[in-house]
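Residues per chain, in single letters:
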Amino acid sequence: MERRKSLTPVDLQPSPTEGEEKHIDWDETVSTPLKAKGSKKPKLVSPSDKHATAEGSHGFITFTVEGDPVPEIEWYKGFKDLSVEVRYKNWTCGEDNTITLGCFEARPEDEGDYKVVLKNSNGTLEYDFKFYVTVEGGMDFRAMLMKRKVKQKKVVVKKIEWLESPVDQEVQQGKCEEVIIRARLSEKEKKGKWYLRNAATFKDIRSSEYGLELFKGDKYDWSFKEDTYTLIIKNPTVTEEGTYQVVVRELDMKASGYLTVHAADPEYFFKKPLKEKEKGLTARSVKLTCFLNTVGAKIRWLKNGTPLSFDKRIERQDKGEKLSIVFRTCEMDDTGTYSCEIMEFVKNGERDQTDCWLQVEEYPHSFTSKLTGQSVVEHDRAEFAIEVEASDAEVTWYKNGKKINPDQDSRLEVVVDGKKRKLVIKDTHLEDAGEITCKTNRDSSSCQLNVKYANEFLKGLDQFVDVVEREQHIFNVEVKDPNAPVDFYMKGVKVSKNDTRCEYVNLGEGKHQLIIHSIKMEDLGLVECRTPSNRGDKMLTTSTSFDVAKGEEAPEIGTTGPVNGVAFKECGWQVPYKIAGQIQSKMEVTVMKDGKELKLGTDVNVNIKGDKIDLSVINPRREKSGVYKVILKNNQGQDERDINVNIMDKPSPPQMCKVTDVFHDNCKVLWKEPVDDGGTEITRYVIEALNRTLGNGWHQVSETSAGDRQKKIEGLANKNKYRFRVIAINKIGRSDPCEMTGDDILIKDPWDEPSQPGRPNILDWGPSHCDLSWEPPDSDGGAPITHYVIEMKEKSMNMWQKGRVLKIDECVMKKGLVHGTCPGLVEGNEYMFRIKAVNIGSKGQWNYSQPSDPSDSMIAKTRYIKAFIHDPGMYDIELKKGQTFRYDIWFGGEPPPIVTWERHDGVINADRDERISLELFSKKSVYCQKNTVLTVKKADRRKDSGKYTIRLSCEGGNFEASGFVNVLDVPAKPRSFHPDEVRAEHVKLSWEAPEDDGGTPVLRYLIKIMDLDYNQWINACEVNAPTTQCTVKNLKPGHLYRFEVSAINKEGESLPAQTKDPVKAENPYKPPSEPREPGIVNFDNKSVTLRWNRPVDDGGRPITHFVIQKKDQFGGWFDALITNDDNCCATIDDLEARVPGLSEGKWYQFRVVAVNKAGESWPSFETKPHLCRHKNLAPTIDKGAGGSKSVKVNRLTCWRINVKGEPPPTFTWQKDGQPVKSNEKYLVETIEYQGGATAILQILKTQMEDAGTYTLHASNRNGTDKVDLDLIVLESQHDTDCDMFKSASLECNCTSSFRTSELSPALQIAVNFGEELIYGELP
């Protein structure tokens, strides 16, 4: 049930005697608690439904109430809770059981419908009444209407009442498809409406005094049949919880019932499950995480289906929806399936468990450095060092793949220092050389250990060595280290192994040779052999003295001149030579020509005589002329000489004969010299001709010197065909002739008239000229074109006339076309053009080609003129909305311009807007004269205001001009309208000027308001521009208002700008939220000490004090203490206070109310029931529970002994001095409660031997007490109707009764406070 704000009880005033008018003073009268009286359900005794007071006076409404227990009182005006309104107060008077509502200095707006609500555990009563405020000086019209209505009511004799009222119902969200609420009225066919009242509808501006009206739809359905009103609520949720009221306005009847909707069971599911697989590493952490859809689910973690236990190594972490388990250090045994299971409220269709397979593997240790190879000399110390990333990494050492065991070799040592690992070999041997490797479980590193010999020469070089030049010699040495390098040096310079003359030979086992294959004289000197000692840079050396004698040299050929001979006659010569030094080998003679070796005795004859050689050519001919190469060779080398041998003969034919420059009676013969002049120079050339037309033979027609290569042949017959040939002559004789190739030569002139030129193209023009281009003739006729003739004619005429003669050197060639200009045109005439090509004839006359095809026509005028417009051009226009405006523009330019109109929204297109038209007119003239007209009808400011631009585009130059159109209209609505400050009686408003002032300045702003109670706009105030803020005063506190502002210019008033949401006229602060978590921290038999937490929200004003309220088990809530009061030492900052004045033995509950300038907060949650008692009290056993007890055989014997004491005492039972404990026969229990405990002893099946004296001992830190209990066991009793006595059944339905004193304290609390308490839950 919703907790309501409590009353504040103080001292009482004497109640008025019967017949006296009840007097209440607004400031002095205080409330006294009501008393339980009359019927159990709340009731008003003879209430009046109309009350009135004068304007400006305090108004009071008083009712007499009944109810048991005392009902809670709530007052409402319409839907407004008056307990939070500062101008309303309420009092209770316990003396006459009356309640009073007061209105401070009543105002007209306080008039209206009011309601009082009475609630207790037996029901709820709502009573509606009216409150009128009369004007000063007499009864106003409203009071007169009230009296008239009262008189009219008296004539109604038929009583109208609810035959069936809606009942309160309680459902749970999600478990109920619909709730049906019914009501029946004694009057039929009266239309009614259903309303909902709760906290949400209270804030809805659509709500009326009855609440928010319900309409048919997906959520609600209602029906009305005769006298029955039915409301169906479909799938109710917690937001539909509240009071459902049916109202028959025609009869002023209403009835209501309360629907309680408990929240739906939560639905949990895994928003993000565990990963299917997760990998962990030993000695490292890993985290398994999943996400729920929301917090609050009860979950557990499993490993392989078994609940998982947590410790410092495995921790559970829950952070909101995120659920995790963290393995601080993984172990191999952690491998398995881990599951997170939702224990309850799993969403349908969702899994209640998510699984993850955790695979724990060894941590992959890796190296952070690499091993470095070592090179040592035998018996030296070698160390290998490396680092790992973790100090717990195990490293194993290997040599050539075999594990190293330091325990088996004292020379080896493995060192572990943090993350550093070392292998030390103290005395290296040659066999220690090899690959050294270290490994972790996932990484390895290797290097080489090289162990070298302690090197020395076992055999050195001989002391002296004598050799002869060009002979071979071998040097031998032997060293101890078979792998040591050995180098040889001659005269201190290292002998290169790439030297082909010197050869290094490694015979193995440290034996080495240096072989010099061809010893030279410069090899004379010291020869050394060097090898490293393998200790640092020290080298070992052995040497010898090397002596070389002189040897023979290669032959040398002497000088011999060129040789001349005649073909088929003897041709020979001598070649001198010499050889220096001792002859050591046979000399060979070789003769070559043209790269080929000549055969001796076949091609040439060779005869060696002393220091000369005789050579002769066998069968000499011209083709054997050339360069003869003579080569002399022995073992030391060779020499060669080239000898030019010229064997003379007649020349070869000239290479070519060609005829050119053929004219009327002559031509030109050209030739090339022969390839071979026969070995002697050519003396002359002879030209011969053959007349094929006449049939004559070859005859000489000319002769030239040896230097000529062409000859003009004259005196030839015109139109005859000829052939020509040329002969070369030297001193030996005439060559064979060289005849021309190809067709016979026709003797005639070589040219004709040119072919037709191409059709002329018009490139450019002006008032008096035209620029043309045309293709030249395909053929010039054989003679160069000397000039072109441009002819022209007017288009309307048939006669061509010469325009211009264009010499060939005046022509311009571009891209294969001839360009020329024709002048002399008359402006305004239309012309066409054609072209003729001309060359010169053989007798000096001009040859004209056929004229070209005529060109297109053109008008002689200026081709390019920049676009322009005529006066007055573009101009600004101002007009009222709805009128028509027009731009009428004449323009020109060459070529004719393209016109476009533009404005703010782009290019104007008349097809898109029927209000706009574009027209274009033109005059017929040589030059462009056009007229464009833009017309806009029904001008609109938003669409048509702005800059208008005319753009003229042409090749002669573009042009544009603009004018501004201002369409006058009312302004746009103001912007950003909002309240800056809201108070109970005024609101400060501000806004921004309109984005558009309508084309004329804004003069002022009009502000209007609407009270939502009256739903009518009224003028509030006006402000002159440019002011954009104002304060609206004289508002009614608590009323909802809407505001709007309009801008005004000379054209009128703009549309209004309204506030976004209704504005409530109230101060910007409220009562604080309720204090949190009050609890009892100390107590004694007269007081308790409370401690609580500060409210979450102070309401916008500092908290002034706290009110501590209490109630006992018989009454309502009362103010027990006010902090910062003169009678209280607690302050507002303490959040702790001692509440005195309690009565020992009574049960109390406490709650705390926070107070600020706006009023009191809702009360906090109440504390659990507290028994006022001593904090330290020795046990006191209820002696009345002692004495003797008689029980039949086989029946249950039960003692329930209440024992006071604080702290609750502990108990021991004895029978005849022997301890009694729980077993198969006895059941011993202890139930603790505030102020004591209950000791229970049960004998489950009493036998005769159980008779005797039982002793109960009670003890605590403050003392002890005991009591003796006698048990008398009787024989079996006769049959009885009590099932409890027959079979110990607590479901017995007999009429036997029990005493309240026999109840346990826990059950007594349940009876007194109406609560169901379970053993073990008592504080």
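As the structure is a prediction and not an experimental result, all values here were calculated from the model. (Residues numbered from 1 in each chain as written. Predicted model: local features only at pLDDT ≥ 70, side-chain atom pairs only at ≥ 80, totals over all residues. Heavy atoms only, no water.)

(A) Quick peek at the overall build of the chain. Check the secondary structure of the chain and you find five helices and 105 strands. The globule rule puts the C-alpha radius of gyration for 1323 residues at 34 Å, and the 67 Å found for the chain is more than 25% above it. C-alpha extents for the chain along the principal axes are approximately 185 × 125 × 65 Å. Here the chain holds 1323 residues, and the buried ones make up 39% of them. Contacts spanning at least 24 positions in sequence make up 65% of the contacts within the chain whose residues lie at least 6 apart. (Helix = DSSP H or I, 4+ residues; strand = E, 2+ residues; numbered from the N terminus. Rg over C-alpha atoms; globule rule 2.2 N^0.38 Å. Buried < 20%, exposed > 50% of the residue type's maximum accessible area, 1.4 Å probe, protein only. Contact = heavy atoms within 4.5 Å.)

(B) Structural detail: the environment of Arg284. Among the structural elements, Arg284 can be located in the loop between strand 20 (277-281) and strand 21 (286-292). Taking the relative accessible area as the measure of exposure, Arg284 reaches 22% and is therefore partly exposed. If we skip the residues at most four places from it in the chain, Arg284 touches Phe327, Arg328, Thr329, Cys330, Tyr363, His365, Ala390 and Asp392.

(C) Molecular detail of the pattern of salt bridges. Following the criterion strictly, the structure yields 68 salt bridges and no others. The closest approach of N and O atoms between Glu673 and Arg709, which form a salt bridge, is 3.0 Å. A residue pair is termed long-range when its members are at least 10 positions apart, and Glu673 in strand 55 (residues 667-674) and Arg709 in the loop between strand 57 (699-705) and strand 58 (710-713) qualify at 36 residues. Residues joined in a network through salt bridges with shared partners are Arg903, Asp905, Asp913, Arg915 and Asp944. (Salt bridge = Lys/Arg side-chain N within 4 Å of Asp/Glu carboxyl O.)

(D) Structural detail: the sheet that holds strand 32 (residues 412-417). Strand order across the open sheet formed by three strands is 29-33-32, with antiparallel pairing between neighbours. Strand pairing shows two members of the sheet lacking a second neighbour, strand 29 (382-387) and strand 32, which therefore form its edges. Adjacent strand axes in the sheet meet at a mean angle of 15° when their direction is disregarded. By the bridge criterion, six bridges tie strand 29 to strand 33 (residues 420-425) in an arrangement that is antiparallel. The partner of Ala385 across the bridge, within strand 33, is Lys422. (Pairing = 2+ DSSP bridges. Axes fitted to C-alpha atoms, helices over the stretch in contact; angles between N-to-C directions.)

(E) Just the side chain of Asp969, in detail. If you trace the backbone, Asp969 turns up in the loop between strand 79 (959-968) and strand 80 (975-982). What Asp969 contacts, discounting residues up to four positions off in sequence, is Lys881, Arg941, Asp997, Gly998, Asn1049 and Glu1051.

(F) Summary view of the packing of aromatic side chains. Here the structure, examined in full by the defined rule, presents 33 aromatic pairs. A centroid spacing of 5.6 Å and a plane angle of 80° characterise the contact between Trp26 and Trp91, whose relative ring orientation is edge-to-face. Of this pair, Trp26 sits in the segment before strand 1 (43-45) while Trp91 sits in strand 6 (residues 88-93); the two residues are 65 residues apart in sequence, bridging distant segments of the chain. Given the relative accessible area of 5%, Trp91 is considered buried. Relative to Tyr229, the ring of Phe224 has its centre 5.0 Å away and its plane inclined at 20°; by these criteria the two rings are stacked. Above the ring of Tyr628, the side-chain terminus of Lys593 is found at 6.0 Å from the ring centroid. Positioned above the aromatic ring of Tyr927, the side-chain terminus of Lys861 is 6.0 Å from the ring centre. (Phe/Tyr/Trp six-rings, centres within 6.5 Å; stacked < 30°, edge-to-face > 60°. Lys NZ or Arg CZ within 6 Å of the ring centre and 35° of its normal.)

(G) Local environment of the sheet that holds strand 80. Across the sheet, which stays open at both edges, the three strands sit in the order 80-81-84 with antiparallel pairing between neighbours. Each end of this open sheet is capped by a strand with a single partner; those strands are strand 80 and strand 84 (1029-1032). In this sheet, neighbouring strand axes are inclined to one another by 20° on average, regardless of whether the strands run parallel or antiparallel. Of the strand pairs in this sheet, strand 80 and strand 81 (residues 987-992) are connected by five bridges, and their pairing is antiparallel.

(H) Broad picture of a nonpolar patch on the surface. On the surface, a cluster of nonpolar side chains totalling about 310 Å² of accessible area is made up of Ile840, Trp846 and Tyr848. Note on Ile840: relative accessible area 35%, which makes it partly exposed. (Patch = residues over 30% accessible without salt bridge, like charges linked within 9 Å, V, L, I, M, F, W, Y side chains within 5 Å. Areas by Shrake-Rupley, 256 points an atom, 1.4 Å probe, with all protein chains shown as cover.)

(I) Expanded view of the environment of Thr949. Along the chain, the position of Thr949 falls in strand 78 (residues 946-953). For the pair Thr949 and Phe291, spaced 658 residues apart in sequence, the C-alpha to C-alpha distance is 65 Å. Here Thr949 is in contact with Thr900, Trp901, Glu902, Glu960, Ala961 and Ser962, once residues within four sequence places are set aside. One polar contact links Thr949 to Ser962, side chain to side chain, over a distance of 2.8 Å. (Polar contact = N/O pair within 3.5 Å; in protein donor to acceptor, adjacent residues only side chain to side chain.)

(J) Quick peek at the pairing of strand 104 (residues 1252-1260). In this sheet, strand 104 lies alongside strand 100 (residues 1210-1215) in antiparallel orientation, the contact comprising six bridges. Bridging across to strand 104, Phe1211 finds its partner in Ala1258. Bridge count for strand 104 against strand 105 (residues 1263-1274) is nine bridges, and the pairing is antiparallel. Within strand 105, the residue paired with Thr1255 across the bridge is Asp1268.

(K) Representation of the state of the cysteines in the model. Tallied over the full model, the rule gives zero disulfides. Between Cys811, a cysteine without a disulfide, and Cys822, which holds the nearest cysteine sulfur, the sulfur-to-sulfur distance is 13 Å. Residue Cys1021 stays outside any disulfide, its sulfur separated by 3.8 Å from that of Cys1030, the closest cysteine. (Disulfide = S-S within 2.5 Å.)

(L) Representation of the confidence of the model for the chain within the structure. The share of residues in the chain with pLDDT of 70 or more is 92%, and the mean pLDDT across the chain is 85. Scored below 50 in pLDDT, residues 137-156 shows 14 contacts in the model against residues more than four places distant or in partner chains. The low-confidence segment residues 1296-1304, where pLDDT is below 50, has nine contacts with residues more than four positions distant or belonging to other chains. (pLDDT = per-residue confidence, 0-100.)

(M) Examining the environment of Glu28 more closely. Following the sequence through the fold, Glu28 ends up in the segment before strand 1. A C-alpha to C-alpha distance of 80 Å links Glu28 and Asp333, two positions 305 residues apart in sequence.

(N) Highlighting unusual backbone geometry. Cis geometry marks the peptide bond from Asp68 to Pro69, where omega comes out at 0°. In this structure, Pro69 sits in the loop between strand 3 (59-66) and strand 4 (72-77). The phi torsion at Glu105 lies on the positive side, around 45°, for a residue other than glycine. In this structure, Glu105 sits in the loop between strand 7 (98-103) and strand 8 (112-120). On the accessibility criterion, Glu105 (40% relative accessible area) is partly exposed. With a phi close to 75°, Arg470 is a non-glycine residue in the positive phi region.

(O) Structural view of the pairing of strand 72 (residues 877-880). The two faces of strand 72 differ: Ile877 and Leu879 on one face are buried, but Glu878 and Lys880 on the other face are not. When strand 72 meets strand 79, the two strands line up parallel, connected through four bridges. Following the sheet pairing, Glu878 is matched in strand 79 by Asn966.

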